[in-house]
Structure formats: structure tokens, C-alpha cells
Amino acid sequence: MKSVNVLIDKIYAPASTVTPADVEALKPEIEAAGALLHNGQGKGNDFLGWVNLPSSITTAQFDEIEAAAKTLREKADVVLAIGIGGSYLGAKAVLEALSGSFDNLTAPQKGKHTKVLFAGQNISEDYMWELMEAVKNLDIAAIVISKSGTTTEPAIAFRIIREEIERRYGKAGAAERIVAVTDAAKGALRTLATTEGYKTFVIPDNVGGRYSVLTPVGLLPLAVAGVDIRALVAGAVEMEQLTATAPFAENPAMQYAAARTALYRAGKKVEILASYEPKLQNIGEWWKQLYGESEGKEGKGLFPASVTLTADLHSMGQYIQEGERILFETVIRIAQPDHTVTIGADKDNLDGLNFLAGKRIHEVNRMAILGTMLAHVDGGVPNIAVELPKIDAHTIGALLYMFEKACGMSGYALGINPFDQPGVEAYKKNMFALLGKPGYEEAGEALRKRL
């Protein structure tokens, strides 16, 4: 079984307006989009470094990342990874997917159980206070991730965390406990890292933030947390090679891109990514940024949402089943869990569940997946299935790359640049104006009159 299988037969439901012929008709367009990703002749071609990134990572680069991670693990009980958007979502998603659900109950301990916590992804004063309170009696270090060093959210967090590290360990000690992942030559963070003597890693110029999980942006925090980053990248390499050579009908990225493009053109406006494993919840958060920021422009694009089932069947399930027929689902399905739990018999059978006695919980979950799929399809919600053999580093690496590759092709099929994000700047300008940033005074006065 491949690391990732994409099955699209359930988008051809009786109530669907999409047919196999519609998807097949997209073959030339999706293949052309894939070619643009490889020949670099499409929009945003200066940000295509991720396409061949997995296979280009060298043994020496792995060694350097792992050595830096080892140093941080030996010095700190907790490493604070500071970043926002693509600078933290990928690492958090992979870390959650590959960790035990209750690893947070294990006490942090340098060298053995170093914890990675995230900062700079919000501007919540309570979050920052509670984070610093949680680590006040623990040895800490930091990985600060920013191309420029001036993005507001991580810059605020880094200022506070750096001050605390310097207070505890001095300037020289801080230089041993802070690693910067930033631009190769320019920007405020690069200047500071050079001045203070921080260990640094480079964010490649041709890799955008939401495609950066397989650069040091994601690999360094994951290595600190004990993730097998070589297996993660090996899975991505497998998918890189498969999606570059497999024909349309056997190419998971092309099948996914074609199916969602056909559904969008048939009037579906919302894509829900669903999984039945709670530890994949943040894969959904990473996926939402990847597709939302890549496709949501020029008045186009599917709106990406995510749910964790079966929990959300008791909340969102009603809307999915009977609400407006503007959506379809992409469901991540896992063939085998890591553990075995069997349901026992009860002599009184008050809950009426003795018919499940002797069955594994996974079997019940699998029937819930299939039963839900049929109910939703019958209710007019087409389903795409993304099948994984299990949750491990290799498989997650393949899944991430498959989604990235399909996103590039889907974006080109929309006729937009999948690699820029001009709309992200609008809120920043307003925020700076309202805060009185130099140069924004006049705009700030005008905005305050509107509030």
C-alpha cells in the first residue's frame, strides 16, 4: 500500500452533478499545472523551492539540525518555538500527530523529555503570561522563526522571551540557548543573530512560509521534540517522486486536485477536511492555512474548514447532513492504529452494547467512518477519501507533500498565483495605524473615526 491513497469514487453520488467524465476532462489542465510546478513557468515561480525540497536535503543538513536540537535538549526542559502561520503550524501539526495524546502529563526534563511549546502565534496577554508562568521554574531555550524578524506577533513574543533568557543566563548563556531560523543575509532577526552570536538556520528565499515545514522552520523544533525527521522527509521524498512521475489516474496529488477542482466548478464552495483521529486535528489547521492562503484571492477559492469526528458529528454533523449543499468532505482514514483496545461484555448489558463485545474500538470507528460517509453522500455531500496505512513520521511526511503538490496544481487551475498572500497585509496596516506606528498617524486618525 502506498503511503497515501486518494479515492474519489464517492464524489459521483446520485445527487452530485460531477461525473467521472468531468474529472477525466480535467486531466490535461491538471497535468499542465503539474508541469508548471516543475518547469517554473507559472505564476509565483520564485517560490517553487518546495517542489524538489525533500530530495535535496543532504545528510550534512540533517546532521546540523540534529546537532543543534541535541544541544537545546541538553540545556533546556522546555524549548519555546516562536513563530506564526507557516512558521509554527507545520511543526505543531506533525508534533501532535506523532506524540502520545497525553504526553503533556510527562514532566519536562532536559535530555530525556524536553518539551516544545509554541509562542508568537497570537497576541494574547493571558497566553503569554501563562506560558511564562508555566516555565518559570524550568530551564528554557528558544527557537525564533521569522524571515524578517519584524512580524508583530512573534517579534513581541521573542522580545519578552529573550529578555527572560538573558535575565536568567546572561548574554553569553542566551547565545547558547537561542537559535534563529531566518533570512540568509538580511532582516532584523538576521542582524540580531549575527550581533549576539546565535546559531542560525536559513529559510530558503524560494520557499514560502506555508510550504516550509520540511525546512529548518519545521525540522528543528521537531528534532528537539524527538521526532524522526529523517523518516518524515523520506516519506515526503517518496511522494515527491511519485507525484512527479505517476500518470494522472495513479497520481494522488493530481486526483485530489482534479476532484476538488471539478467540485468547485460544479458549485461547491466549502471543503471540510475531516479525520477520525484527534491527534490529526492540527493537520487540519496546517491544511487550512495551506489552502486558504494559497487559493483565497481574486474572489475565488474553496473555503477550507476542518472537523474532528466522531466528536463533531454531535455538533457540526447536523449542518453537514442537512444544511446548504455548498460543501464536500475530504476524509483522512487510517488503516491501522498503533494500539489494541477490545470492548468487553457486561452481564447486565444496561447500555445495550453487548453486541460489540469482543470487537476492537478501531472496528467500531471504521464502521462509523463508512456509515457517516454513506449518510453524507446520500445527503448530497460528495466525499474524497485520503487513506493512510498508519500514523507515523514517514506517512505524515508523504501526506504533507501530497497536499502541497495538489495545492499548487489546484491554484494554477483557478488561474491565480498560489504562492503569494497580498490580502494578509490589510489587517496589519490597520493595526499599525491604530497603534500609532510612526508613518501611520494620518491613517490611524481616519480609522478611529470609523470605530
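Scroll up a little and you will see the structure.
Here is what the cut-offs are and how they apply
- Residues numbered from 1 in each chain as written.
- Predicted model: local features only at pLDDT ≥ 70, side-chain atom pairs only at ≥ 80, totals over all residues.
- Heavy atoms only, no water.
- Helix = DSSP H or I, 4+ residues; strand = E, 2+ residues; numbered from the N terminus.
- Rg over C-alpha atoms; globule rule 2.2 N^0.38 Å.
- Buried < 20%, exposed > 50% of the residue type's maximum accessible area, 1.4 Å probe, protein only.
- Contact = heavy atoms within 4.5 Å.
- Areas by Shrake-Rupley, 256 points an atom, 1.4 Å probe, with all protein chains shown as cover.
- Lys, Arg positive; Asp, Glu negative; His and termini not counted.
- Charge placed at Lys NZ, Arg CZ, Asp CG, Glu CD.
- Pairing = 2+ DSSP bridges.
- Axes fitted to C-alpha atoms, helices over the stretch in contact; angles between N-to-C directions.
- Patch = residues over 30% accessible without salt bridge, like charges linked within 9 Å, V, L, I, M, F, W, Y side chains within 5 Å.
- Salt bridge = Lys/Arg side-chain N within 4 Å of Asp/Glu carboxyl O.
- Right-handed = clockwise from strand over helix to strand, strands pointing away.
- Phe/Tyr/Trp six-rings, centres within 6.5 Å; stacked < 30°, edge-to-face > 60°.
- Lys NZ or Arg CZ within 6 Å of the ring centre and 35° of its normal.

Caption draft 1: Structural context of the overall build of the chain. Counting its regular elements, the chain contains 17 helices and ten strands. For 451 residues, the compact-globule formula gives about 22 Å, and the C-alpha radius of gyration of the chain, at 23 Å, lands near that figure. Structurally, the chain occupies a C-alpha span of about 65 × 60 × 55 Å along its principal axes. Across the 451 residues that make up the chain, the buried fraction comes to 49%. Here the contacts in the chain between residues at least 6 apart in sequence split such that 78% fall between residues at least 24 apart. When the accessible area of the chain is evaluated, it comes to approximately 20400 Å², of which 54% is carbon and sulfur surface. With 46 positive and 54 negative side-chain charges, the chain shows a spacing of 3 Å between the two charge centroids.

Caption draft 2: Structural context of the sheet that holds strand S4 (residues 140-145). Taken in spatial order, the five strands of this open sheet run S3-S2-S4-S5-S6, and their pairing is parallel. A strand with exactly one partner marks an edge of an open sheet, and here the two such strands are strand S3 (115-119) and strand S6 (199-202). Across the sheet, the axes of successive neighbouring strands diverge by a mean angle of 20°, strand direction being ignored. Summarising the sheet, S4 and strand S5 (residues 178-182) pair through four bridges and their orientation is parallel.

Caption draft 3: Representation of the sheet that holds strand S1 (residues 5-7) within the structure. Read across the sheet, five strands follow the order S1-S10-S9-S7-S8 without closing on themselves; strand pairing throughout is mixed. Each having just a single partner strand, S1 and strand S8 (303-308) make up the two edges of the open sheet. Pairwise comparison of adjacent strand axes, ignoring direction, gives a mean angle of 20° for this sheet. Two elements, strand S9 (residues 327-334) and strand S10 (residues 383-388), share six bridges in a ladder whose sense is parallel. When the bridges of S10 are listed, Ile334 appears paired with Leu388. On top of the sheet, helix H14 (residues 361-378) reaches S9 and S10; it is set at about 160° to S9, its chief contact.

Caption draft 4: The arrangement of a nonpolar patch on the surface in detail. Among the surface-exposed residues, Ile123, Ile156 and Ile160 lie close enough to one another that they form a single nonpolar patch of about 240 Å² accessible area. In this fold, Ile160 is placed in helix H7 (residues 152-177). The exposure class of Ile160 is partly exposed, given its relative accessible area of 34%.

Caption draft 5: Highlighting the pairing of strand S2 (residues 78-82). In terms of burial, S2 is a largely internal element, five of the five residues being buried. Residues Val78, Leu80 and Ile82 of S2 are buried on one face, and the alternating residues Val79 and Ala81, pointing to the opposite face, are buried as well. Relative to S3, S2 is paired through five bridges, and the arrangement is parallel. Residue pairing across strands places Val78 opposite Lys115, the latter belonging to S3. Each parallel crossover has a hand, and the one from S2 via helix H5 (residues 89-98) to S3 is right-handed. The pairing of S2 with S4 spans five bridges and is parallel. Bridging from a neighbouring strand, Leu80 pairs with Ala142 of S4.

Caption draft 6: Representation of unusual backbone geometry. Here the bond from Leu309 into Thr310 is cis, since omega is 10°, no more than 30 degrees from zero. In this fold, Thr310 is placed in the loop between S8 and helix H13 (317-322). Phi angles above zero are rare outside glycine, and Glu298 is one such case at about 60°. In this structure, Glu298 sits in the loop between helix H12 (281-295) and S8. With a phi close to 50°, Asn349 is a non-glycine residue in the positive phi region. With a relative accessible area of 28%, Asn349 lands in the partly exposed category.

Caption draft 7: Up close: the packing of aromatic side chains. On inspection of all chains with the given rule, the structure shows twelve aromatic pairs. Measuring from centroid to centroid gives 6.5 Å for Trp286 and Phe403, while their planes differ by 50°, and the two rings are tilted. Here Trp286 is found in helix H12, whereas its partner Phe403 is found in helix H15 (residues 393-414), with 117 residues between them in sequence. Taking the relative accessible area as the measure of exposure, Trp286 reaches 2% and is therefore buried. Members of the aromatic cluster, connected to one another through ring pairs, are Trp50, Tyr211, Tyr401, Tyr412 and Phe419. Between Lys269 and the ring centre of Tyr264, over which it is positioned, the NZ or CZ distance is 4.6 Å. Above the plane of the ring of Phe432 lies Lys437, whose end atom (NZ or CZ) is 4.1 Å from the centre.

Caption draft 8: Layout of the pattern of salt bridges. All told, the structure shown has 27 salt bridges when counted by the stated rule. With a shortest N-O distance of 3.7 Å, Asp77 and Lys110 are connected by a salt bridge. Here Asp77, found in the loop between helix H4 (59-75) and S2, pairs with Lys110, found in the loop between H5 and S3; they are 33 residues apart in sequence, far enough to count as distant. Looking at Asp77, the relative accessible area reads 10%, which means it is buried. The salt bridge partner of Glu133 is Lys136, with a shortest N-O separation of 2.6 Å. Its relative accessible area of 33% is what places Glu133 among the partly exposed residues.

Caption draft 9: Examining the pairing of S10 more closely. Burial of S10 is extensive: five of the six residues sit out of reach of the surface. In the sheet, S1 pairs with S10 via three bridges, with the strands oriented antiparallel. Directly across from Val6, in S10, lies its bridge partner Val386. The parallel pair S9 and S10 is bridged by H14, and the resulting crossover is right-handed.

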